[in-house]
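Here are the chains, one letter per residue:
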Amino acid sequence: QKWAKETGGCYMAFDQTGAEWIAVNIFNVTEEDIAAMREQGKKNKWFYLSGGKYYIVSGGVGDPLTDYKILSVTTDGKKYFVNYESRFLFDDPDNGEFNASYYAELTLKNIDGKEYWSLLKYAQTSGNS
């Protein structure tokens, strides 16, 4: 495949059904948004979709030299409201250098008898983008 050659052979494969189940049930993405994201991803060569699998370039979000710290968690009994921040650990592995603050709303969903954390809202509230 041309796409695989362009990645240098460094890619991972994910089951399309499983990935889209996570998008819908955990990240609350609509089926319409999944279709739009699929088209945008193909256009931008973020992945290759074939035979019921997403082939994605290795790598992604996260950095072993970044730490996340929860600042507060409150609940209204159904939703959880979380404020947290990220810090770079390059020069100061004990405390880190402030990078950004974030806010997330989550809920616990029961799906087929199993409980899953589901993201309802997410935003960066300050810091570097």
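Attention here is on the structure that accompanies the text. These numbers come from a predicted model, not from an experiment.

## Focus: a negative patch on the surface
Among the surface-exposed residues, D91, D92, D94 and E97 lie close enough to one another that they form a single negatively charged patch. Position of D92 among the secondary structure elements: in the loop between β5 (79–88) and β6 (97–111). The partly exposed category is assigned to D92, whose relative accessible area is 30%.

## Digging into the environment of L89
Tracing the backbone shows L89 in the loop between β5 and β6. Residues in contact with L89, not counting those within four places in the same chain, are L65, D67 and G96.

## Considerations on the pattern of salt bridges
Side chains that differ in sign of charge can pair as their charged atoms come close. Per the counting criterion, the structure on display carries 4 salt bridges. Where E39 meets K42, a salt bridge forms, and the shortest distance between an N and an O atom there is 3.7 Å. Within this pair, E39 and its partner K42 are both found in helix α3 (residues 31–43), separated by 3 residues, close to a single helical turn. For the salt bridge of R87 with E85, the shortest nitrogen-to-oxygen distance reads 2.9 Å. The partly exposed category is assigned to R87, whose relative accessible area is 23%.

## Quick word on α3
The α-helix advances 3.6 residues per turn, and as a result positions three or four apart in sequence lie on the same side. In a regular helix each residue adds 1.5 Å, so 13 residues correspond to 18 Å; α3 covers 18 Å between its end C-alpha atoms and thus fits that length. Along its buried surface, α3 packs onto α2 (16–25), β2 (47–50) and β3 (53–57). Trailing α3 by a residue or two, K45 shows a phi angle of about 60 degrees, which is positive.

## With respect to the side chain of S101
Locating S101 in the fold gives a position in strand β6. We classify S101 as buried; its relative accessible area is 14%. Once you skip the residues sitting within four places of it in the chain, S101 turns out to touch Y84, E85, A123, Q124, T125 and S126.

## A closer look at the sheet that holds β5
Spatial strand order, β4-β5-β6-β7: 4 strands in an open sheet with antiparallel pairing. The open sheet has two edge strands, β4 (66–75) and β7 (114–127), and neither has a second partner. Each strand axis lies, on average, 25 degrees off the axis of its neighbour in the sheet, ignoring direction. Of the strand pairs in this sheet, β6 and β7 are connected by 12 bridges, and their pairing is antiparallel. Considered in β7, the bridge of K109 is made with Y116. Lying on the sheet, α2 is in contact with β6 and β7; it crosses β6 at an angle near 95 degrees.

Scoring rules and cut-offs
Residues numbered from 1 in each chain as written. Predicted model: local features only at pLDDT ≥ 70, side-chain atom pairs only at ≥ 80, totals over all residues. Heavy atoms only, no water. Patch = residues over 30% accessible without salt bridge, like charges linked within 9 Å, V, L, I, M, F, W, Y side chains within 5 Å. Areas by Shrake-Rupley, 256 points an atom, 1.4 Å probe, with all protein chains shown as cover. Salt bridge = Lys/Arg side-chain N within 4 Å of Asp/Glu carboxyl O. Lys, Arg positive; Asp, Glu negative; His and termini not counted. Charge placed at Lys NZ, Arg CZ, Asp CG, Glu CD. Helix = DSSP H or I, 4+ residues; strand = E, 2+ residues; numbered from the N terminus. Buried < 20%, exposed > 50% of the residue type's maximum accessible area, 1.4 Å probe, protein only. Contact = heavy atoms within 4.5 Å. Expected span 1.5 Å × (residues − 1). Pairing = 2+ DSSP bridges. Axes fitted to C-alpha atoms, helices over the stretch in contact; angles between N-to-C directions.

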